[in-house]
Amino acid sequence: MGRPKEERCWNQVTKEADGTWKCNRCGRQFSGGVSRIKAHVDRIPGKGISICSASPDDNHLQPQSQEIANRMNPGEVAAEDDDHEMVDAFFGGLMQHSINIISQPINLPRGSAAVAQSNNCGFVNDEIKKLNELLHDLTLEEDDIKGELEWLKSEGKQSKTQVDDWLNELQELRNEVGDCLNLAMGAVHYFNENYPHYLGQMQQLTAQVSELKKKKPVVLSNEFVGKDFERNVKKMWELVGDEKVLIIGIHGMGGVGKTCLATYMETQIIREGTFNHVIWVTVSRDYTISKLQEDIGRRIGAKLNRDDDERTRAAHLSSALSEKGKWVLILDDVWKFIDLKKVGIPRCRINGSKLIITSRLKHVLRQMDCPTSNIITMYPLSHGECLELFLLRLGEYHKTHLPPNAWNIAWECGGLPLAISVMARTMKGIQRIHQWRYALNRLERGEMGGEMKEEVFQVLKASYDNLTHKSMQNSFLQCALYFEILSYNKMIMMLVDSGAINGRRRLNDIFDEGGTILDELEDHSLLPPFGNMQNSVRNMACQILKESQRLIVSCGKELTGISHLQEWTADLDIVSLDTNRIKEIPAGTSPNCSRLSTLILSNNCISSIPECFFTHMKSLAILDLSYNCSLTSLPDSLSDLTCLVSLLLHGCDALAKVPPLGRLQKLSTLIMSDTEIEVVLGLEMLTNLRWLDLSFNKKLRLESGRVLRGLTNLQYLNLFVATLSNVEIEDVQGLTTLEYFLGGFNDIKSYHNFVAGICNTGSAPKSYLLYFGRIDNSERIFESDARIGPSGDDHQIVHLLDCEESPHLLPKDLTNISIGCNPRWESLCDALSNITPSSLENIEIERCTQMKSVLCSFGKCSFCSNLNNLESLQLYGLESLIVICKEDVTATDTTTQSLKPNAVFSQLRHLEIWNCDEIETLVTAGLLPQLQNLQTLIVDSCESLREIFAASSSGADSDDAASTIITLPNLTSLYLWDLPMLETVCKGIIISESLPKFVIRGCPKLESRSPFEVSSSSFTSYT
């Protein structure tokens, strides 16, 4: 070992017989090399070693010199000794015991320096006390961890590395705390000007210690893989320790590790000894109440008479459980609702006892009154965790002799611990590479043979068998053909087209059933709430399908070409290659698949399809080519697929050419949206179409008379962004089955004829979005299109955009009207006189630059007089707006005005105004009495606004205005944001029946007085 340049460092340490170093100044012994010696003697903190506690100028072994002692009175000396005891408590036992904190003030000589030193000592004592308490708690946690590590060692198990990392971090933090305290105490006693720096460092260390405490790891053996498992264990301990919690649920798909988590908790709860009894009962699908009673009774040593009825046995069992004190009952593998009262399990919280239920059916946990917050849902492992578990189960040999495709095999198991463990066990000790390739090939094909079939397939299939209806089972099998379900609408229509759901009904009924089925599949842990379907679950579905059909399913496998073409034989029924990287189908490819009914090639990169590709697919019923962004055209052989029921071409951005479709007479669903298509030949001949989506085709132009007259069975028609022109009334009168419509018009005649021909007849769509004018500049209309469809609520919406002509006809059942980007209209009354439907509930106006008022008066014109049900008014970017209603009613006292039942704003609940920079008073005195039902008012970025509510007319005396009482009984929320000129909410007092939420941000001139008669704590201001 070489010596440092500073020879003085070597002169201040002595080498002991055991090889350690002893400081000649402070007497501390330590091990290490050059850097640790230098860090100690030069008092450099943060180097993993405590710094020298002696004074920098002291060359003796004792840290205190007599000279300093003589400067202090006996009280000071005693205080210093106590302070060093505190520091030594950190250095010596490193917090094995609590530190003795000074509780009495230190006696110092008079004078400013002494007073400062006294204050400094007080601050140091406070910070030391905080650190002491935190480090003491951490020491107890450390003892617990070390005890658990000893237990793991006794069981022959190895802990996870993060436990050691945490213990090392704790030790390093202890050293830093010791160094910091030493320097801080020295700074106090020697009047060092660096004292504030050390105090700040102590506070920072306090925060670090507190954070380390939060990060305390769960001591798990390395057999438990995954961050989620550790989080779940922590959550379980929180719930188990909560006296208010009775039922805890563990939910997840079969084989994901529910029983493993419950078993771990059982072992640890027994070790902790905080419960008198831990009772485990496996319930399973074929349970009966009497059998469950017997199993629980046997576990707790309670003898139940078989001759007694269930009620008597339940009473005996309940009494026996109550006598057992504090218990944990684990019911594993529950498949259906269990009436706890009938079994004899007490539902009341007795002595903090717990009931833990594991189930793959979330609705069962809900039915048993397990709160959602008490349900721990377990998910498959991540990709990296898959390999970690796979290697762990393979054993030591394969850690150094890992086959090149082991990662792929682990990944193919889809994160399911059961599948990974079984697969690893079957491959353990196998060295020949061809066997590994063969195993991977079988997994990629979705084949489950041998142990995988027996131990994984059967476990997963139990969830499928538990589905109550055949339609649910068929729907699940259909879902398995896709890597990921991105759209419920698309999936439900796929279920209809495949025959899994009856499609000869109203769309509402179809989607209610379809949505319920998909929710049930999620509840049964067969569909994820998000993301792609688990690989083993899909393989299980494919195994079931193969019992009656031939299929090729390779979803999400990163294939770059059409695979297994030699297997595309005449008896093939289903092919799904969804979500791969297939770029081309080789020229001349023409599979002889006369029975093929379903072909899914969606979410690929296919640029072209050979002309002969579909030639021998005469039975094809479902064809999905969606999201092939490079596909420019479809082959003419598509026109001969006369059995086609569903053609899906959504998101084919470059698609510009489609062959004539007139011969596809069985076509029920056609989705051809977001493409470059300009014309669709033969569309008018598809008389069986029920679902037609041609939205977001900017180049598409449709002649109404040539297209719509023949489509009399349509239930859903989406022409959003596409253009429908030359509409005559007779063109749309036959659309009597239409339930949902989205579309726009560029000419006023087509718009009027559509409204007159369908919307104002007895067969109007139940939900629609109509727009008239140029769509380019409007942003909010694109938020509306997703609201129209059978999976949501019904809406009747009209958007009037930048158009030179004003419509003179609106649908009779219109509920929402939106005016956007029109530079000509000065008020709604001028543009829409005599055509207001009484059903109108919401008005939204956006960027109408010349609009000075919204309405002309309070119910005087024909437009205003029909606004009896208006609930929401939203105004955005009206740069010329100066008043909501042009003809104000003069009023000096708002309390004297009576509200007419049919007043324009009598039903208004929501008022919102943004970026209207000319308006100075928002709610005038004449408007105010009509707002008795107003609940929410939002005002944002109106630069000239000075007053929200005018309590009186402009000519009224200011003293009278200040004493005015305004009644807004239903107001619950008032938001005022970025209003630089706002001076007052109102000059009077606002009274409401409930406490309004009053939020202010960016209103520098607003008076501090709250207009509400509420406590100041309810006034929330954000600056």
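Look up: the structure comes first, before these words.
In this text, all values refer to a predicted model and were calculated from it rather than measured experimentally.

Some thoughts on the packing of aromatic side chains
Summed over the entire model, instances satisfying the criterion amount to 15 aromatic pairs. Judged by centre distance (6.0 Å) and plane angle (50°), the ring pair of Y464 and F476 falls under tilted. One end of the pair, Y464, is in helix 19 (residues 450-465); the other, F476, is in helix 20 (residues 470-479), and 12 residues separate them in sequence. Neither residue differs from the other here; Y464 and F476 are each classed as buried. Between the NZ or CZ atom of R285 and the centre of the ring of W335, over which it lies, the distance is 5.1 Å. Across the ring face of F275, the terminal group of K326 is positioned such that the distance to the ring centre comes to 4.7 Å.

Describing the sheet that holds strand 2 (residues 21-23)
Reading across the sheet, the three strands line up as 1-2-3 and stay open at both edges, with antiparallel pairing between neighbours. Strand pairing shows two members of the sheet lacking a second neighbour, strand 1 (13-15) and strand 3 (29-30), which therefore form its edges. Direction of pairing for strand 1 relative to strand 2: antiparallel, over a ladder of three bridges. By the bridge assignment, K15 is partnered in strand 2 with W21.

Remarks on helix 21 (residues 488-497)
With seven of its 10 residues buried, helix 21 lies for the most part within the structure. For helix 21, the elements touching its buried residues are helix 20, helix 22 (507-523), strand 12 (622-624), strand 13 (646-648), strand 14 (669-671) and strand 15 (691-693). Note on helix 21: the residue one or two positions beyond its end, G499, has a positive phi of about 90°.

Notes on the environment of S318
Of note, S318 is situated in helix 11 (residues 310-323). Judged by its relative accessible area of 22%, S318 is partly exposed. Sequence separation of S318 and G344 is 26 residues, and the distance between their C-alpha atoms is 4.6 Å. Leave out the neighbours within four places in its chain, and S318 touches G344 and P346.

Considering empty space enclosed by the protein
Following the criterion strictly, the structure yields three cavities of 30 Å³ or more and no others. Approximately 60 Å³ is the volume attributed to the largest cavity. If you go around the largest cavity, the residues you meet are E444, R445, G446, N535, R538, N539, C542, V553, C555 and K557. For the lining of the largest cavity, the element with the highest residue contribution is helix 23 (residues 535-546), accounting for four residues.

Examining the state of the cysteines
Here the structure, examined in full by the defined rule, presents zero disulfides. C605 takes part in no disulfide bond, and the closest cysteine sulfur to it belongs to C629, at a distance of 7.8 Å.

Examining the nonpolar core
Counting residues in each nonpolar core, the largest one holds 133 residues, and the members touching the most others are W568, L599, L855, F905, F949 and L976. Per-element accounting of this core gives the leading share, six residues, to helix 26 (residues 748-759). Sequence-distant contacts of L599, defined by excluding residues within four places in its chain, comprise W568, V575, F613, F614, M617, L620, I622, L623 and D624. Counting 105 residues, the second largest nonpolar core, distinct from the first, contains W436, A480, A500 and V721.

Details of the packing of helix 20 against helix 21
The geometry of helix 20 relative to helix 21 is characterised by a closest axis approach of 10 Å and an angle of 120° between their N-to-C directions. The angle between the axes of helix 20 and helix 21 places the two elements in the oblique class. Pair helix 20 / helix 21 crosses with right-handed handedness. Across the interface between the two elements, S475, Q478 and C479 from helix 20 touch M491, M494 and L495 from helix 21. Class assignment for the residues of the contact of helix 20 with helix 21 results in four nonpolar, two polar and no charged.

Considerations on the sheet that holds strand 6 (residues 327-332)
Within the open sheet, the five strands sit side by side as 5-6-7-4-8. Their pairing is parallel. Since the sheet does not close on itself, it has two edges, and those belong to strand 5 (277-282) and strand 8 (375-377), each with one partner. Across this sheet, the average inter-strand angle for adjacent strands is 15°, counted without regard to direction. Alignment of strand 6 against strand 7 (residues 354-359), held across four bridges, turns out to be parallel.

Let's talk about the pairing of strand 20 (residues 796-800)
With respect to burial, strand 20 is a largely interior element, five of its five residues being buried. Because side chains alternate across strand 20, one face comprises the buried residues Q796, V798 and L800, and the other comprises I797 and H799, equally buried. Across five bridges, strand 19 (residues 767-772) lies against strand 20 in parallel orientation. Residue pairing across strands places F772 opposite L800, the latter belonging to strand 20. Examined bridge by bridge, strand 20 and strand 21 (residues 816-820) share four bridges and lie parallel to one another. Bridged to H799 within strand 21 is S818.

Brief notes about the side chain of R313
By secondary structure assignment, the location of R313 is in helix 11. On the basis of relative accessibility, which here comes to 4%, the residue R313 falls in the buried class.

Re the pattern of salt bridges
Applying the stated criterion across every chain, the model contains 29 salt bridges. A salt bridge links R506 to D509; the nearest nitrogen and oxygen atoms lie 3.4 Å apart. Taking relative accessible area as the criterion, R506 reaches 47% and is therefore assigned partly exposed. Put simply, R550 and D571 hold a salt bridge, and the shortest N to O gap is 2.9 Å. Here D571 lies in the loop between strand 9 (551-553) and strand 10 (574-576) and R550 lies in the loop between helix 23 and strand 9, a separation of 21 residues in the sequence. Relative accessible area serves as the criterion here: at 27%, R550 is assigned to the partly exposed category. Because the salt bridges share partners, they merge into one network encompassing K291, D295 and R298.

What about unusual backbone geometry?
Located in the positive-phi region is D674, a residue other than glycine, with phi close to 60°. Turning to its location among the elements, D674 is positioned in the loop between strand 14 and strand 15. Classification of D674 as partly exposed rests on a relative accessible area of 35%. The residue V721 is not glycine, and still its phi comes out positive at about 80°. Inspection of the secondary structure puts V721 in strand 17 (residues 716-725). The buried category is assigned to V721, whose relative accessible area is 12%.

Criteria and cut-off values
Residues numbered from 1 in each chain as written. Predicted model: local features only at pLDDT ≥ 70, side-chain atom pairs only at ≥ 80, totals over all residues. Heavy atoms only, no water. Phe/Tyr/Trp six-rings, centres within 6.5 Å; stacked < 30°, edge-to-face > 60°. Helix = DSSP H or I, 4+ residues; strand = E, 2+ residues; numbered from the N terminus. Buried < 20%, exposed > 50% of the residue type's maximum accessible area, 1.4 Å probe, protein only. Lys NZ or Arg CZ within 6 Å of the ring centre and 35° of its normal. Pairing = 2+ DSSP bridges. Contact = heavy atoms within 4.5 Å. 1 Å grid on protein atoms, 1.4 Å probe; cavity = no way out; pocket = protein on both sides within 12 Å on 5 of 7 lines; lining within 4 Å. Points joined across faces, edges and corners; volume = space filled by probe spheres on them. Disulfide = S-S within 2.5 Å. Core = buried A, V, L, I, M, F, W, Y, C linked by side-chain atoms within 4.5 Å. Axes fitted to C-alpha atoms, helices over the stretch in contact; angles between N-to-C directions. Parallel < 35°, antiparallel > 145°, perpendicular 65-115°, else oblique. Left-handed = near helix turned anticlockwise from the far one by under 90°. Nonpolar A, V, L, I, M, F, W, Y, C, P; charged D, E, K, R; others polar. Salt bridge = Lys/Arg side-chain N within 4 Å of Asp/Glu carboxyl O.

Everything listed is a geometric property; what it means functionally is a separate question.
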